[in-house]
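Structural description and commentary
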Amino acid sequence: MNGTIRVGNLFGIPFYIHPSWFLVLGLVTWSYSSGLAAQFPQLSAGLALLLGLMTALMLFASVVAHELGHSFVAMGQGIDVKSITLFIFGGLASLEKESKTPSEAFWVAIAGPLVSFLLCGIVTAIGITTTALGPLAAILGVLASVNLALALFNLIPGLPLDGGNILKAIVWKVTGNPYKGVTFASRVGQIFGWVAILSGLLPLVFFGSAGNFWNLLVGFFLLQNAGNSAQFARVQEKLTGLTAEDAVTHDSPIVSGNLSLREFADERVISGQNWHRFLVTDDDGQLVGAIAVDNLRNVPTALWSETQVKEVMRPITESTTVQSDQPLLEVMQLLEQQKLSVLPVIRENGVLVGILEKAAIIQLLQNRTQPNPA
């Protein structure tokens, strides 16, 4: 999420807070402190506010525990957790990749609600066994009920909620196609989004009373994220079975390191090729570096005939390349994560295949979307 603030790590997982969280923290603190002050008049305003803040922080700790439930199960499957973020609608654990099987996806999805159910039971047991009274009993009751509500709300069977991911795993298991699971769960999520929006608007339309603003927010959240999930699933399905080599640009800008700068300028630059950067190979066709047209300015033209490209090129590290047999979907995600537009594609022996451009992937998707002529 853009604009998030990193506040540390949780079990090695980067932990972020979105600015919208502070608004919710303030509202929850004010709401519960007002409730405690009304329920227990003997409390001073300052103590009620402090207890309200403590309650709000414990509620958000419950949300973090919910996300850690997802995270620990994912990590047990060898999936890295990129971050946990608190925001206006609760929390979000960002996983590096999807589970490999529907059963693994099911357990990742259900782990969060199970943690919330467990917390509800623990807090309820504490309240019963300690015979808590007064404000403490009220706070324990709120914690138990909110964890129960958190679990039940997240079990709504529509993406992006946990119930949607559970439904996705079930459809994936039945059909054998993970993308059908995402598409189906996304549509259900969109239905629930419209239901939430209508429930927020109906009081205003039919009764002239104020609409439920929170329902409207939740509805728009579900609609947007469910739609994004469906769109990404369609992209994933179209890229299935394709590798990096399938999207390599024809006539990629490749030059031999043994060329002189004069030959390079005459054959590749002056000849009208529009590339500004060329990949450099050795005698075996292996990638050894890159040279930009601007690099020619660093060498006097009188020396171009006796200076070879490999003397001017800059080396390329293996981390900035992709293997030719690497799934194209992984390559696309890598381009997005590192904010790149071009990557060199090499074979296992280091031989250069060519360059892969983000624009080529987009064009490939468009070609696969167009209907075949009759």
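Note that the structure is predicted; figures quoted are calculated from it, not measured.

1. Points about the packing of helix α7 (residues 213-239) against helix α10 (residues 328-337)
- Two numbers describe how α7 lies on α10: the axes approach to 8 Å, and their chain directions differ by 130°. Judged by the inter-axis angle, α7 sits oblique to α10. Here F232, V235, Q236 and L239 of α7 lie close against α10, whose contacting residues are L328, L329, M332 and Q333.
- Among the residues making up the contact of α7 with α10, the classes are represented as six nonpolar, two polar and no charged.

2. What about α10?
- Turning to α10, its buried residues number three or more, namely L328, L329, V331, M332, L334 and L335.
- Immediately beyond the C-terminal end of α10, within one or two residues, lies K339, with a positive phi of roughly 55°.

3. A few points about the sheet that holds strand β1 (residues 5-10)
- Read from one edge of the open sheet, four strands run β1-β2-β3-β4, paired in mixed fashion. A strand with exactly one partner marks an edge of an open sheet, and here the two such strands are β1 and β4 (90-95). Taken over all neighbouring pairs, the strand axes of this sheet differ in orientation by 25° on average, direction set aside.
- Pairing between β1 and strand β2 (residues 13-17): five bridges, direction antiparallel. Bridged to N9 within β2 is P14.

4. Thoughts on the pairing of strand β6 (residues 277-281)
- A large share of β6 lies buried, amounting to four of its five residues.
- As judged from the three bridges shared by strand β5 (residues 254-256) and β6, these two strands associate in the parallel manner. By the bridge assignment for β6, S256 is matched with T281.
- Sheet topology places β6 next to strand β7 (residues 287-292); five bridges connect them, and they run antiparallel. When the sheet's bridge partners are listed, V280 is paired in β7 with G289.
- Two successive antiparallel strands, β6 and β7, enclose a turn made up of five residues, where G285 displays a positive phi of approximately 80°.

5. As for the side chain of T55
- Mapped onto the elements of the fold, T55 is located in helix α2 (residues 45-76).
- Taking the relative accessible area as the measure of exposure, T55 reaches 1% and is therefore buried.
- Of the polar contacts made by the side chain of T55, one reaches the backbone oxygen of L51; its length is 2.7 Å.
- Ignoring sequence-local partners within four residues, the contact set of T55 consists of Y32, I139, V142 and L143.

6. Looking at unusual backbone geometry
- Between L159 and the following residue, P160, the backbone shows a cis peptide bond with an omega angle of 10°.
- Relative to the helices and strands, P160 resides in the loop between α4 (134-154) and α5 (162-175).
- A positive phi angle is found at F11, which is not glycine, with a value near 55°.
- Structurally, F11 is set in the loop between β1 and β2.

7. As for the layout of surface pockets
- Approximately 160 Å³ is the volume found for the second largest pocket.
- Lining of the second largest pocket is provided by R277, L279, I316, T320, L340, S341, V342, L343, P344 and I355.
- Elements that contribute at least two residues to the lining of the second largest pocket include exactly β6 and β9 (342-346).
- It is β9 that contributes the most residues to the lining of the second largest pocket, three residues altogether.
- Classifying every residue of the lining of the second largest pocket gives seven nonpolar, two polar and one charged.

8. Things to note about the pattern of salt bridges
- Taken as a whole and assessed by the stated rule, the structure comprises four salt bridges.
- Across the pair K168 and E98 runs a salt bridge whose closest N-O atoms are separated by 3.1 Å. Placement of the pair is K168 in helix α5 and E98 in the loop between β4 and α3 (102-129), with a sequence separation of 70 residues.
- Judged by its relative accessible area of 6%, K168 falls in the buried class.
- Ionic pairing is found between R262 and D266, a salt bridge with its closest N-O pair at 3.9 Å.

9. A look at the environment of P178
- Checked against the element boundaries, P178 lands in helix α6 (residues 178-207).
- The class of P178 is partly exposed, set by a relative accessible area of 24%.
- Each C-alpha atom of the pair P178 and K100 lies 9.7 Å from the other, and the pair is 78 residues apart in sequence.
- The residues touching P178, leaving out its near neighbours within four places in the chain, are K168 and W172.

10. Description of the side chain of H70
- Here H70 is to be found in helix α2.
- For H70, a relative accessible area of 7% gives the class buried.
- Ignoring sequence-local partners within four residues, the contact set of H70 consists of V108, A109, A111, G112, P113 and D162.

11. Brief notes about the environment of W30
- Looking at where W30 falls in the secondary structure, it is placed in helix α1 (residues 19-39).
- Of the residues examined, W30 reaches a relative accessible area of 59% and is grouped as exposed.

12. Focus: the packing of aromatic side chains
- Following the criterion strictly, the structure yields six aromatic pairs and no others.
- When the ring of W21 is compared with that of F60, the centres are 5.1 Å apart and the planes differ by 70°; the resulting orientation is edge-to-face. Placement of W21 in helix α1 and of F60 in helix α2 is noted, with a sequence separation of 39 residues between them. Like F60, W21 is buried.
- Taken together, the ring pairs in this structure connect W21, F22 and F60 into an aromatic cluster.

The rules behind each value
Residues numbered from 1 in each chain as written. Predicted model: local features only at pLDDT ≥ 70, side-chain atom pairs only at ≥ 80, totals over all residues. Heavy atoms only, no water. Axes fitted to C-alpha atoms, helices over the stretch in contact; angles between N-to-C directions. Helix = DSSP H or I, 4+ residues; strand = E, 2+ residues; numbered from the N terminus. Parallel < 35°, antiparallel > 145°, perpendicular 65-115°, else oblique. Contact = heavy atoms within 4.5 Å. Nonpolar A, V, L, I, M, F, W, Y, C, P; charged D, E, K, R; others polar. Buried < 20%, exposed > 50% of the residue type's maximum accessible area, 1.4 Å probe, protein only. Pairing = 2+ DSSP bridges. Polar contact = N/O pair within 3.5 Å; in protein donor to acceptor, adjacent residues only side chain to side chain. 1 Å grid on protein atoms, 1.4 Å probe; cavity = no way out; pocket = protein on both sides within 12 Å on 5 of 7 lines; lining within 4 Å. Points joined across faces, edges and corners; volume = space filled by probe spheres on them. Salt bridge = Lys/Arg side-chain N within 4 Å of Asp/Glu carboxyl O. Phe/Tyr/Trp six-rings, centres within 6.5 Å; stacked < 30°, edge-to-face > 60°.

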